[in-house]
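Residues per chain are reported as follows:
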Amino acid sequence: MDASSPNELLHYLDTDGLIDFAQRLVRIRSVNDPSSGSTEQDAAQAVIELATGFGWTPIVDYVRPGRPNVIIRLHGSAPGSHLIFEGHTDVVSEGSRDLWDFDPFGGDIVEGRLLGRGSADMKGGLAAMLYAARALELSGDLVGTLTLAALVDEEELMLGVKDFVAKGYAEDALGAIVCEPEAGEICITQKGAIRLEVRFHGRISHGAMPTQGINPIPALMDILDFAQRTELQLQTQHDTDPLLGAISITPTVLQAGSRVQLNLTPPVATADFDLRTTPLVDHDELVSSFVTEVQRIAAKTGCQGEVEVIDDRPPTSIAADAALVKSLSEAHRVVLANEPVLGGVPGTTDGTILHRDGHLPVVVYGPGGKWIAHQANEFVEVTEIIAAAKVYLLAARDLLHSAR
């Protein structure tokens, strides 16, 4: 059959069903919180039920107990390319409800905005990709293979996408569109992230007789100073990236001692660091510099020092004239009648793992403000969810047909 025109294709998108499903997802508290027993299970179940209702056969892979990836593979009526749409089902904690002006899991629509935790990051985008795929299928214009990945644990160690790639779901794909909120920008680059823990082991002593032991806290102070100096050095060495901003090294967790025994020097002091990099930074060299400095501090203070790399996600970038970017750009022009902005992701997404382990080009594009994620009073404009679904639909049709 002849390919549908854009207007004919968009006719197949069920916008009411899309928004209803986005609301349903927001009403599910899919925070990974072992203390309360909360996981992504219920959000994944909602995706499974939607997929089953569409006549699809979802694959359910449990990455951890109660934490299932949901993968849907749609095969078209003719040969074509393989494209991946990716989103995550977990959300960060809502924090204190006193900070919210509305129920964080109410999923209400007020003045054209879907309100609640995860509305932007990223249940609006997740719903949009699913309904875009359904519309493409209904149009009869689906060729090749379209993989829809609703994955767990993006907000923590990205266990879901690591499992997804390890099991071969990304093989032979031309690329992936990650449906995170980026304010309508087509993000062709994203920061890398290194998560480090530095530990210094001392020897306990009475607080009144500190020379009888080795206090690891001064060593911890030295590594904090080193981190600050290294951040400044990297920022001086490399110009601020026009799409990503500055390189940063941020201490996020410090632990040493206990109030229970204020008169006792601690046996161990630890510092966790969140390093955010641009494509100009060599991750191996940066980690090596921390290891060398920890060894130097250990020798000076008498502590034992060690560095653990908790996670290492590389920055990603893709050419502005790559097929993914061109198809999304043209779809954006058709749907929104304006010129798309090429941008960068200030954080990291599952796309870093799709790129690192799956060797895929990735683009990040989705509904919601770029800076609203993880904040209280999170929201997404309903019109942005619908627009994103339309863009996904047109771009997917173009990309899947590209191999014909």
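To keep things clear, this report deals only with the structure shown in the data block. (Residues numbered from 1 in each chain as written. Predicted model: local features only at pLDDT ≥ 70, side-chain atom pairs only at ≥ 80, totals over all residues. Heavy atoms only, no water.)

### Some thoughts on helix H8 (residues 323–336)
Each α-helix winds once per 3.6 residues, and so residues spaced three or four apart point in a common direction. The condition is simple: By the criteria applied, helices consist of DSSP H or I runs no shorter than four residues and strands consist of E runs no shorter than two, each listed in order from the N terminus. A helix's residues, less one, multiplied by 1.5 Å, set its expected span. Contacts between residues were defined by any pair of non-hydrogen atoms, one from each residue, lying within 4.5 Å.
For H8, with 14 residues, the first-to-last C-alpha span of 20 Å sits near the 20 Å given by 1.5 Å per residue. The secondary structure elements touched by the buried residues of H8 are strand E3 (82–88), strand E7 (175–178), strand E8 (186–190), strand E14 (342–345), strand E15 (362–364) and helix H10 (382–400). Positive phi appears at alanine 337, one or two residues downstream of H8, with a value of about 55°.

### Structural notes on the packing of aromatic side chains
The line we're drawing: Side-chain rings of Phe, Tyr and Trp, where Trp is taken by its six-membered ring, are said to pair if the distance between their centres is within 6.5 Å; with planes under 30 degrees apart they count as stacked, over 60 as edge-to-face, and otherwise as tilted. In this scheme, a residue with accessible area under 20% of its type's maximum is buried, one over 50% is exposed, and one in between is partly exposed, where area comes from a 1.4 Å probe on protein chains only.
Taken as a whole, this structure holds 9 aromatic pairs when the rule is applied. With 5.0 Å between their ring centres and 70° between their planes, phenylalanine 54 and tryptophan 56 make a pair best called edge-to-face. Residue classification places tryptophan 56 among the buried residues on the basis of a relative accessible area of 6%. Here the aromatic residues Phe21, Phe54, Trp56 and Tyr131 are joined through ring pairs into a cluster of three or more.

### Thoughts on helix H5 (residues 159–166)
For H5, the set of buried residues is Gly160, Val161, Asp163, Phe164 and Val165. Looking at the buried positions of H5, the neighbouring elements they touch are strand E1 (59–64), strand E2 (67–75), E3, strand E6 (145–151) and helix H9 (351–356). Positive backbone phi, approximately 90°, marks glycine 168, located one or two places after H5.

### Topic: the side chain of glutamate 86
Rules: For the purpose of counting charges, residues Lys and Arg are taken to be positive, whereas Asp and Glu are taken to be negative. His and the chain ends are not included. When a carboxyl oxygen of Asp or Glu lies within 4 Å of a side-chain nitrogen of Lys or Arg, that pair is called a salt bridge.
Along the chain, glutamate 86 falls in strand E3. Buried within the structure, glutamate 86 lacks any salt-bridge partner; arginine 313 is the closest side chain of opposite charge, at an N-O distance of 11 Å. Those residues in contact with glutamate 86 that lie beyond four places of it in its chain are Met122, Met129, Ala149, Leu151, Ile177, Val178, Cys179, Asp350 and Leu354.

### What to know about the nonpolar core
Selection rule: Buried Ala, Val, Leu, Ile, Met, Phe, Trp, Tyr and Cys residues form a nonpolar core when they are joined through side-chain atoms within 4.5 Å.
Grouped together as the largest cluster of nonpolar side chains are 69 residues, with contacts concentrated most on Phe85, Leu130, Leu146, Leu148 and Tyr392. Once residues within four sequence positions are removed from consideration, phenylalanine 85 is found in contact with Met129, Leu146, Thr147, Leu148, Ala149, Ile177, Cys179, Tyr392 and Ala396.

### Some details on the state of the cysteines
This is how it is decided: A pair of sulfur atoms, both from cysteines and within 2.5 Å, is called a disulfide here.
Within this structure, the stated rule accounts for 0 disulfides. Here cysteine 179 is not cross-linked by a disulfide; its sulfur's nearest cysteine counterpart is in cysteine 187, at 12 Å. In this structure cysteine 179 comes out as buried when scored by relative accessible area, which is 0%. Take cysteine 187: its relative accessible area is 1%, and that puts it in the buried class.

### Thoughts on unusual backbone geometry
The step from aspartate 121 to methionine 122 runs through a cis peptide bond, and the omega angle for that step is -5°. With respect to the element layout, methionine 122 can be found in helix H4 (residues 119–139). In this model, glutamate 111 sits at a positive phi of 50°, which is unusual for a non-glycine residue. Counting through the fold element by element, glutamate 111 comes out in the loop between strand E4 (109–110) and strand E5 (113–115).

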